[in-house]
Amino acid sequence: MILSAWIFAEFWERLERHNETGLFLVLAGFILSFAFIRMSTRLMRSPKVPWWPGSIVSDSGVHLHHLVFGIVTMMISGSLGFLAFGESPWTELCAFAFGTGAGLTIDEFALWVYLDDVYWAEEGRSSIDA
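What counts and how
- Residues numbered from 1 in each chain as written.
- Predicted model: local features only at pLDDT ≥ 70, side-chain atom pairs only at ≥ 80, totals over all residues.
- Heavy atoms only, no water.
- Helix = DSSP H or I, 4+ residues; strand = E, 2+ residues; numbered from the N terminus.
- Buried < 20%, exposed > 50% of the residue type's maximum accessible area, 1.4 Å probe, protein only.
- Areas by Shrake-Rupley, 256 points an atom, 1.4 Å probe, with all protein chains shown as cover.
- Patch = residues over 30% accessible without salt bridge, like charges linked within 9 Å, V, L, I, M, F, W, Y side chains within 5 Å.
- Salt bridge = Lys/Arg side-chain N within 4 Å of Asp/Glu carboxyl O.
- Expected span 1.5 Å × (residues − 1).
- Lys, Arg positive; Asp, Glu negative; His and termini not counted.
- Charge placed at Lys NZ, Arg CZ, Asp CG, Glu CD.
- Phe/Tyr/Trp six-rings, centres within 6.5 Å; stacked < 30°, edge-to-face > 60°.
- Contact = heavy atoms within 4.5 Å.

Draft legend 1. Layout of the overall build of the protein. Across its full length, the protein holds six helices and two strands. Ordered by position in the sequence, the α and β elements of the protein form the string α-α-β-β-α-α-α-α. Within the protein, buried positions represent 30% of all 130 residues. Here the protein has roughly 9300 Å² of accessible surface; of this, 70% comes from carbon and sulfur atoms.

Draft legend 2. Representation of a nonpolar patch on the surface within the structure. A cluster of nonpolar side chains, Leu64, Val68, Phe69, Ile71, Val72, Met75, Ile76, Leu80 and Leu83, forms an exposed patch at the surface whose accessible area comes to about 790 Å². With eight residues, helix α3 (residues 66-83) is the single largest residue contributor to the nonpolar patch. Here Val68 shows up in helix α3. Classification of Val68 as partly exposed rests on a relative accessible area of 34%.

Draft legend 3. Representation of helix α2 (residues 21-45) in the model. A rise of 1.5 Å per residue sets the reference length of α2, with its 25 residues, at 36 Å; its end C-alpha atoms lie 36 Å apart and thus fit the reference within 8%. Buried within α2 we find Gly22, Leu25, Ala28, Gly29, Ser33, Phe34, Ile37, Arg38, Ser40 and Thr41.

Draft legend 4. Quick look at a negative patch on the surface. Together, Asp116, Asp117, Glu122 and Glu123 make up a region of like negative charge exposed at the surface. Looking at the element boundaries, Asp117 is found in the loop between α5 (109-114) and α6 (125-129). The class of Asp117 is partly exposed, set by a relative accessible area of 48%.

Draft legend 5. View of the environment of Ala110. Residue position: Ala110 is located in helix α5. Distance from Ala110 to Glu122, taken between C-alpha atoms, is 9.9 Å for residues twelve residues apart in sequence.

Draft legend 6. View of the packing of aromatic side chains. This structure, assessed with the given rule, holds one aromatic pair. A ring pair is formed by Phe30 and Phe34, whose centres lie 5.9 Å apart and whose planes are at 20 degrees; its orientation type is stacked. Placement of the pair is Phe30 and Phe34 together in helix α2, with a separation of four residues, close to one helical turn. Look at Phe30 and you get partly exposed, because its relative accessible area is 27%.

Draft legend 7. Spatial organisation of helix α4 (residues 90-106). For α4, built from 17 residues, the straight-helix expectation of 24 Å at 1.5 Å per residue is met to within 8% by its first-to-last C-alpha distance of 24 Å. All of the buried residues in α4 are Thr91, Cys94, Ala95, Gly99, Gly101, Ala102, Gly103, Leu104 and Thr105. Against α2, α3 and α5 lie the buried residues of α4.

Draft legend 8. Representation of the environment of Ile31 within the structure. Structurally, Ile31 is set in helix α2. Residue classification places Ile31 among the partly exposed positions, given a relative accessible area of 48%. It is 6.6 Å that separates the C-alpha atoms of Ile31 and Gly103, two residues lying 72 residues apart in sequence.

Dropping the structure here:
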């Protein structure tokens, strides 16, 4: 219990020493990427917008979901964020990239839960709810 209290106190002290810009950029990246990917998937399926780029499917038929890009983006930006902690503008760039990856990943939350491509089904609503 003492160790966890010390870790929390240390984290909180570091957070107070830095302004909330990084946290705001995580939120901004999340909201922008979530909104963009939602719009993109709607436009991709619309017959009125045939020029909108579609999904990534390999020659063998494997569909690469955008949560894969989100997870990789979070892993890279999170690791680089540790390296750049407190060094402006690198910390802010990593924060925005991490939020972007989180938005791409959470948009397909229903895929995690159902382990099936339910993006356009009723179960896909759980991504919005999350």
